[in-house]
Every structure is written in C-alpha cells, then in structure tokens.
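# Results of the structural survey
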Amino acid sequence: QVQLVESGGGLVQPGGSLRLSCAASGDIFRIYTMGWYRQAPGKQRELVAIITRDGSPNYADSVKGRFTISRDNAKNTVFLQMNSLEPEDTAVYYCNAKLQITAFTPMTVYWGQGTRVTVSP
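Residues numbered from 1 in each chain as written. Predicted model: local features only at pLDDT ≥ 70, side-chain atom pairs only at ≥ 80, totals over all residues. Heavy atoms only, no water.

With that settled, consider the environment of Gln-39. Here Gln-39 lies in strand S4 (residues 30-39). Distance from Gln-39 to Ala-91, taken between C-alpha atoms, is 5.2 Å for residues 52 residues apart in sequence. The contact partners of Gln-39, leaving out residues within four places of it in the chain, are Gln-44, Arg-45, Ala-91, Val-92 and Tyr-94. At 3.1 Å, the side chain of Gln-39 forms a polar contact with the backbone oxygen of Lys-43. (Helix = DSSP H or I, 4+ residues; strand = E, 2+ residues; numbered from the N terminus. Contact = heavy atoms within 4.5 Å. Polar contact = N/O pair within 3.5 Å; in protein donor to acceptor, adjacent residues only side chain to side chain.)

What follows is the structure in structure tokens.
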C-alpha cells in the first residue's frame, strides 16, 4: 500500500508564510512527478505546482513568485514553501505523486488526504 501524508497547514495572517510537506511511504519503486493541488470552498480542485523527478518545477500563474516547490527523492517527500499568502490562497491543499510500485507495473497517481490552509487577519 502507498500512502501520502501531508502536514504543515494551519491558520496564517495575510502576508505570512507556511511550509507544507508531503511524505510518500509504502511499496514504491520510483516516484516521477509530484505535485500540489488545492480546492477552495465551492470551487474545483486546481493545480498549484508540480515538480519532475529531476527537479524541474511548474507553477500556476496565481502563485508564481510567491510559492516554491521542492522535493527530496531520498525521502520520497515534496515540499511547498508558501510566502506572501493572500486570503485567496485559503483552501485544502492536496499532494499527489505519479509512481510505480514495481518496475513492471504502470505509473499510477496517488493522492494525500489534504491539509487545510486558512489565510485570514
């Protein structure tokens, strides 16, 4: 079984910072792309940032220059450093990972359970 566990969410004031972490564990052969998505109340889940295995990132336009995604392949962990947070960043943040559990199985996407981020005075 593969599990993704997020941590680091919470309540922060506008302009503040948070660092999210997501650790993947279980039967994992190799993790390819890892990413962060978010879902605000009443809205669809949207991409925040993704990062390839070799560390190449891509960001949603709304977070460019404020958020930084990184990963530690040795620990199967992805991070999201969020700076200059705005009320519009309030959402449940989910991590995902595209991975193989063996060298002979297809790549499959797994999701974490989500961590809530609230940006409010």
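Past the structure itself, the notes keep going.
So, on to the nonpolar core. With 29 residues, the main nonpolar core has Trp-36, Val-48, Phe-67, Val-78, Leu-80, Met-82 and Tyr-93 as its most contacted residues. When residues in this core are grouped by element, the largest group, five residues, is from strand S9 (residues 91-100). Those residues in contact with Met-82 that lie beyond four places of it in its chain are Gly-16, Ser-17, Leu-18, Leu-20, Arg-66, Phe-67, Tyr-93 and Val-117. (Core = buried A, V, L, I, M, F, W, Y, C linked by side-chain atoms within 4.5 Å. Buried < 20%, exposed > 50% of the residue type's maximum accessible area, 1.4 Å probe, protein only.)

The quantities given are spatial measurements derived from coordinates; they are silent on function.
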